[in-house]
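What follows is each chain in one-letter form.
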Amino acid sequence: MNSPGCVVAVTGASSGIGFAAARAFSREGAQLAVAARRRDRLDALVKEIEVSRGKALAVEADVSVEADVHRFVDETVTMYGRIDVMINNAGLGIRGRVEETPPADFERLMKTNFMGTVYGCQAALKHMRVRNEGVILNVSSIVGHRALPGGSAYGASKAAQISLTEALRVELQGTGILVMSVHPIATQTEFSAVALKESGGRTGAPVGPVQTAEQVAEAMVRAVRRPRPEVHPYPMARGLVALNAIFPSLVDRWAGRARKS
Ligand SMILES: NC(=O)c1ccc[n+]([C@@H]2O[C@H](COP(=O)([O-])OP(=O)(O)OC[C@H]3O[C@@H](n4cnc5c(N)ncnc54)[C@H](OP(=O)(O)O)[C@@H]3O)[C@@H](O)[C@H]2O)c1
């Protein structure tokens, strides 16, 4: 999996974490396949990778459409002959308290963030199962472990990704296919601007420390080298997960205060 030329497919590579991940894996010598809806952004990324003597394939795809995701992975395998690493990263946030968030927004986040990941896992497994080899990274979020007020729809979609990943990881025990979930904290990307636009004026800005997309991407590269069930690009976030498991009411109080300040 660490050999140069390993084939890495990334969804949501037109910006932010996916973009940084494509660049980081390419620097490691991987051959890339990248997907998103904004074709111009993907083409620019492919050009950049090719200028630095890398190899990349761009596929315009909407991850909420099952056929698009299968087409992306199938085209990857047609071009490179295999897929070694699948990164299900495409996603968005929509903010709002439970009572004010339209059901359609809950559905949209589940369709993109969760079903997009389901489609990506199934599409990759179809090919990885042939050799029983591969790595799947599902980009969830720290809020998949502990949701915050104003982020219920998003947090639920990210928690669903974690459940999917946990079950799949155990289902594949004994094969050479490894499945990990990635839990970034607030990350400097276009995520907040998109969330603001999609939330119809409803608020709920992220709280706590902030990291860069490059830090998340480097953590993913390290995880492919040394696999582990859960990837925390901001290591201290593990503390929040543990604290929430033992003292959820304490985290409730902190989260309530942080949101008001
Ligand atoms: N930024 C954070 O604070 C943060 C924290 C924790 C986890 N995450 C997770 O990290 C992942 C990447 O987010 P980001 O922070 O890098 O945000 P971003 O800069 O807004 O990037 C989101 C990416 O997802 C793609 N995307 C969105 N909807 C899509 C769809 N229906 N089909 C295909 N592609 C789609 C976008 O491409 P197009 O618009 O071109 O399709 C874009 O490439 C998401 O899953 C997010 O939940 C982010």
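Up top is the structure.
Predicted model, so just to flag it, every value in this text is computed and none were measured.

Chemist: What should I look at first to understand the packing of helix 4 (residues 103–131) against helix 5 (residues 152–171) in this one?
Modeler: In a packed pair of helices, the relevant descriptors are the angle between the two axes and the axis-to-axis distance. The contact between helix 4 and helix 5 brings their axes to 8 Å, and the two run at 20 degrees. By the criterion of interaxial angle, the relationship of helix 4 to helix 5 is roughly parallel. Like other packed secondary-structure pairs, helix 4 and helix 5 cross with a definite hand, here right-handed. Across the interface between the two elements, Asp105, Phe106, Leu109, Met110, Asn113, Phe114, Thr117, Val118 and Cys121 of helix 4 pack against Ala153, Tyr154, Ser157, Lys158, Ala160, Gln161, Leu164 and Leu168 of helix 5. Here the contact of helix 4 with helix 5 is composed, by residue class, of 11 nonpolar, 4 polar and 2 charged.

Chemist: Is there a simple way to explain the site of the ligand in this structure?
Modeler: Around the ligand, the structure places 33 residues, and the nearest of them are Gly12, Gly16, Arg37, Arg38 and Gly91. Of all the secondary structure elements, the ones that give two or more residues to the shell around the ligand are helix 1 (16–27), helix 4 and helix 6 (191–198).

Chemist: What's the story with the nonpolar core in this structure? I'm lost.
Modeler: Soluble globular proteins: nonpolar side chains tend toward being buried together. Of all hydrophobic cores here, the largest spans 62 residues; its most connected members are Val8, Ala21, Leu32, Val34, Ile87, Leu137 and Met220. With 8 residues, helix 4 is the single largest residue contributor to this core. Look past the residues within four positions of Met220 in its chain and what remains in contact with it is Ala21, Ile87, Leu137, Val182 and Val231. Judged by nonpolar contacts, the second largest core, of 12 residues, contains Ile142, Ala153, Ala195 and Ala237.

Chemist: Which parts of the structure should I look at to understand the environment of Asp68?
Modeler: Locating Asp68 in the fold gives a position in helix 3 (residues 66–80). Distance from Asp68 to Arg238, taken between C-alpha atoms, is 34 Å for residues 170 residues apart in sequence. In this structure, Asp68 is in contact with Ala61, Asp62 and Val63, ignoring residues within four places of it in sequence.

Chemist: Looking at this structure, I do not really get the pairing of strand 5 (residues 133–139). What am I missing?
Modeler: For strand 5, the buried fraction is high: 6 of the 7 residues fall into the buried class. Taken together, strand 4 (residues 85–88), helix 4 and strand 5 form a β-α-β motif whose crossover is right-handed. Following the backbone out of strand 5, through helix 5 and into the adjacent parallel strand 6 (residues 176–182), one traces a crossover that is right-handed.

Chemist: Explanation requested: the pairing of strand 6 in the structure shown.
Modeler: For strand 6, a buried count of 6 out of 7 residues is recorded, marking the element as mostly surrounded by other parts of the structure. Two elements, strand 5 and strand 6, share 7 bridges in a ladder whose sense is parallel. Bridge pairing in strand 6 places Asn138 opposite Ser181. Across 2 bridges, strand 6 lies against strand 9 (residues 230–231) in parallel orientation. Its bridge partner being in strand 9, Val182 is matched across the sheet by Val231.

Chemist: Is there a simple way to think about the sheet that holds strand 2 (residues 31–36) in this case?
Modeler: Within a sheet, neighbouring strands are paired by backbone hydrogen bonds and run either parallel or antiparallel to one another. Strand order across the open sheet formed by 7 strands is 3-2-1-4-5-6-9, with parallel pairing between neighbours. Of all the strands in the sheet, the pair left with one neighbour each is strand 3 (55–60) and strand 9. Together, strand 2 and strand 3 form the strand contacts of helix 2 (residues 39–51), whose direction differs from that of strand 3 by roughly 175 degrees. Contacts from helix 3 reach strand 1 (7–11), strand 2 and strand 3, with the element oriented near 150 degrees to strand 3.

Each value, and the rule that gives it
- Residues numbered from 1 in each chain as written.
- Predicted model: local features only at pLDDT ≥ 70, side-chain atom pairs only at ≥ 80, totals over all residues.
- Axes fitted to C-alpha atoms, helices over the stretch in contact; angles between N-to-C directions.
- Helix = DSSP H or I, 4+ residues; strand = E, 2+ residues; numbered from the N terminus.
- Parallel < 35°, antiparallel > 145°, perpendicular 65-115°, else oblique.
- Left-handed = near helix turned anticlockwise from the far one by under 90°.
- Contact = placed C-beta atoms within 7 Å.
- Nonpolar A, V, L, I, M, F, W, Y, C, P; charged D, E, K, R; others polar.
- Near = placed C-beta within 6 Å.
- Core = buried A, V, L, I, M, F, W, Y, C linked by C-beta atoms within 7 Å.
- Buried ≥ 20, exposed ≤ 12 C-beta atoms within 10 Å, placed from the backbone.
- Right-handed = clockwise from strand over helix to strand, strands pointing away.
- Pairing = 2+ DSSP bridges.

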